[in-house]
Amino acid sequence: MSLALLASYYEMFNAGDWDGMAALLTDDVLHEPSQGAPRQGREQFRAFLDHMNRCYRETVHDPVFMASEDGSRGAAEFDLSGTYLSTDGDLPPASGQGYCLRVGTFFAFRDGRIARVSNHYNLNDWLAQIGG
């Protein structure tokens, strides 16, 4: 179940189906981004997705999924290709720069849903790729 849940999550990500992604989360999901403060709750996660959709267009490639034997935790490793569409806060100006990152994400599962999403990537690599 956990591996199928992760596959669905990333299929929806690639399709831009933010409502579908949010439906896979617990109401109190904990989102721990690679940079920035953690946020709690499905609505805050959904707001994050809306923000990311304004600033970036991204696609996951070649994901590999792993899950603990008891199904309580999982992970995904993948390549993420993207385009920086609109300047994000105090980050360097956006001008349609392309990038590709290796990303690792850790998950916790509860009651058949995703209860935690912890993303990790190399910010300095991203900055170098966009000319920051």
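Calculation rules
Residues numbered from 1 in each chain as written. Predicted model: local features only at pLDDT ≥ 70, side-chain atom pairs only at ≥ 80, totals over all residues. Heavy atoms only, no water. Helix = DSSP H or I, 4+ residues; strand = E, 2+ residues; numbered from the N terminus. Buried < 20%, exposed > 50% of the residue type's maximum accessible area, 1.4 Å probe, protein only. Contact = heavy atoms within 4.5 Å. Pairing = 2+ DSSP bridges. Axes fitted to C-alpha atoms, helices over the stretch in contact; angles between N-to-C directions. Salt bridge = Lys/Arg side-chain N within 4 Å of Asp/Glu carboxyl O.

A. Fine view of the environment of Thr87. Within the secondary structure, Thr87 sits in the loop between strand E4 (73-84) and strand E5 (97-110). Residue classification places Thr87 among the partly exposed positions, given a relative accessible area of 37%. Each C-alpha atom, one on Thr87 and one on Gly71, is 38 Å from the other, the two residues being 16 residues apart in sequence. When sequence neighbours within four positions are dropped, the list of residues in contact with Thr87 reads Cys55, Pro92, Pro93 and Ala94.

B. The sheet that holds strand E2 (residues 39-40), seen in detail. What the 6 strands build is an open sheet, ordered E2-E1-E6-E5-E4-E3; its pairing is mixed. In the strand order of this sheet, the two ends are held by E2 and strand E3 (56-67), each with one partner. Here E4 runs beside E5; their pairing, made up of 12 bridges, is antiparallel. In the strand pairing of E5, Ala75 is matched with Phe106. Its contacts with the sheet put helix H1 (residues 2-15) on strand E1 (25-32), E3, E4, E5 and strand E6 (113-120), and the angle it makes with E3 is roughly 170°. Here helix H4 (residues 123-130) sits on the sheet and contacts E3, E4 and E5; the angle it forms with E5, its principal contact strand, is near 155°.

C. Expanded view of the pairing of E1. Relative to E6, E1 runs parallel, the two being bridged by 4 bridges. Note on E6: the bridge partner recorded for Leu25 is Ile114.

D. Spatial organisation of the pattern of salt bridges. On inspection of all chains with the given rule, the structure shows 4 salt bridges. Among the salt bridges present, the one from Arg46 reaches Asp19, with a minimum N-O distance of 2.8 Å. Placement of Arg46 in helix H3 (residues 42-55) and of Asp19 in helix H2 (residues 18-23) is noted, with a sequence separation of 27 residues between them. Here Arg46 makes a salt bridge to Asp50, at a shortest N to O gap of 2.3 Å.

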